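So the chains spell out like this:
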Amino acid sequence: MKRLPFIAGNWKMNKTVEESLDLVRGLKVSLQGIEDVEVAIAPPFTALYPVSQELKGSSIHLASQNLFWEEKGAFTGEISPMMLKEIHCQYAIIGHSERRQYFGETDETVNRRIKAALRYDLKVIFCIGETLNEREEGKTFSVIERQVEGGLKGLGEKEARDIVIAYEPVWAIGTGKTATPQQAQEAHRFIRQKIERLYSGGISEGIRIQYGGSVTPENSKGLMNQEDIDGALVGGASLNAESFSRIVRFKEI
Ligand code: 13P
């Protein structure tokens, strides 16, 4: 089965509203005519609404970087899936390692957020990945397996169809130390096999698995050429229209 490549830009805590709009305007020009790759961007919360207005009529999808699982109420500082849906977000990034590392996110809270997103018809970019310590201790696969099981707990086949998995080894994020295409492929294959054990109905063949961690225009093609790598979740290189669009146009390199 042919899976549509999916490149997403995670802007993290970068860009004011004005800077976000500048970048989106640049992307609309540099990504014109792109049809065979799905593209999404995840600006910070303050910029989501203005960016959604700027994206009207464009094929670039909008993603949030997180969400809370309740619809509304006394949850100071949180944003609900309903609010994101209202401003035309199509995706939510959930379980990013920075959320796990700095903000106490666990497999269980990731699972609650994923369920809430799907309830509101938001598709999910579900992030997993091992730390350097875990890799060096030979625990990469057991960590990934635990994260996949925990994050997807209680989700049926229908829900699994709205999930994209992002494999982001923590040691490769923001470090310039990209996983080699072979290292990434090995982990992606393992994840797909795990999905195959969890779901039937062609889910494992159809599910897209992005790689994340120091993706650049220079290394994107080699990664994307791997059988089980279906896209990229890009941090630093997504903050600039030229480098992000070169990654999206990996086929032309
Ligand atoms: P970098 O591309 O900056 O390494 O970040 C990757 C990432 O965390 C995307 O979510």
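Before any of the text, the structure's been laid out above.
Calculation rules
Residues numbered from 1 in each chain as written. Predicted model: local features only at pLDDT ≥ 70, side-chain atom pairs only at ≥ 80, totals over all residues. Heavy atoms only, no water. Helix = DSSP H or I, 4+ residues; strand = E, 2+ residues; numbered from the N terminus. Rg over C-alpha atoms; globule rule 2.2 N^0.38 Å. Contact = heavy atoms within 4.5 Å. Areas by Shrake-Rupley, 256 points an atom, 1.4 Å probe, with all protein chains shown as cover. Lys, Arg positive; Asp, Glu negative; His and termini not counted. Charge placed at Lys NZ, Arg CZ, Asp CG, Glu CD. Expected span 1.5 Å × (residues − 1). Buried < 20%, exposed > 50% of the residue type's maximum accessible area, 1.4 Å probe, protein only. Polar contact = N/O pair within 3.5 Å; in protein donor to acceptor, adjacent residues only side chain to side chain. Near = heavy atom within 4 Å. Nonpolar A, V, L, I, M, F, W, Y, C, P; charged D, E, K, R; others polar. Salt bridge = Lys/Arg side-chain N within 4 Å of Asp/Glu carboxyl O.

Draft legend 1. Focus on the overall build of the protein. Tallying secondary structure elements over the protein gives 12 helices and 8 strands in all. Expected size for 253 residues packed as a compact globule is a radius of gyration near 18 Å; at 17 Å, the protein falls within 12% of this value. Viewed in the frame of its principal axes, the protein has a C-alpha envelope of about 50 × 45 × 35 Å. By sequence separation, contacts in the protein at least 24 residues apart represent 74% of the contacts at least 6 residues apart. Element-wise, carbon and sulfur atoms account for 50% of the exposed surface of the protein, whose accessible area totals about 11,700 Å². When the 32 positive and 35 negative side-chain charges of the protein are each reduced to one mean point, those points stand 2 Å apart.

Draft legend 2. How the structure looks around helix H7 (residues 140-152). Over its 13 residues, H7 extends 18 Å from the first C-alpha to the last, a length consistent with the 18 Å expected when each residue adds 1.5 Å. Looking at H7, one finds that the buried residues are Thr140, Val143, Ile144, Gln147, Val148, Gly150, Gly151 and Leu152. For H7, the secondary structure elements touched by its buried residues are helix H4 (97-102), helix H5 (107-119), strand S5 (123-128), helix H6 (132-136), strand S6 (163-167) and helix H9 (181-198). Glycine 154 occupies a position one or two residues after H7 and carries a positive phi of about 80°.

Draft legend 3. Focus on the side chain of arginine 3. Residue position: arginine 3 is located in the segment before strand S1 (6-10). With a relative accessible area of 14%, arginine 3 lands in the buried category. In terms of polar contacts, arginine 3 uses its side chain to reach the backbone carbonyl oxygen of glutamate 227, at 3.1 Å. In terms of polar contacts, arginine 3 uses its side chain to reach the side chain of aspartate 230, at 2.8 Å. Setting aside residues up to four positions removed in sequence, arginine 3 forms contacts with Arg192, Glu205, Gly206, Ile207, Arg208, Glu227, Asp228 and Asp230.

Draft legend 4. Focus on the site of the ligand. Residues in contact with the ligand, as listed here, are Asn10, Lys12, His96, Glu168, Ala172, Ile173, Gly174, Gly213, Ser214, Leu233, Gly235 and Gly236. For the ligand, an oxygen atom lies 2.6 Å from a polar atom in the backbone of glycine 174. In the environment of the ligand, an oxygen atom lies 2.8 Å from a nitrogen or oxygen atom belonging to the backbone of glycine 236. Here the ligand loses 94% of its free accessible area of 310 Å² to cover by the protein chains. Residue classes in the shell around the ligand are distributed as 3 nonpolar, 7 polar and 2 charged.

Draft legend 5. Representation of the pattern of salt bridges within the structure. This model, assessed by the stated rule, comprises 24 salt bridges. For lysine 28, the salt bridge goes to glutamate 54, with nearest N and O atoms at 2.9 Å. Of this pair, lysine 28 sits in helix H1 (residues 17-30) while glutamate 54 sits in helix H2 (residues 45-54); the two residues are 26 residues apart in sequence, bridging distant segments of the chain. By relative accessible area, which is 29% here, lysine 28 ends up partly exposed. Measuring nitrogen to oxygen at the nearest pair gives 3.0 Å for the salt bridge that ties glutamate 145 to lysine 194.

Draft legend 6. Local environment of the environment of glycine 26. One can find glycine 26 in helix H1. When the C-alpha atoms of glycine 26 and serine 245 are compared, they prove to be 9.5 Å apart, with 219 residues separating the residues in sequence.

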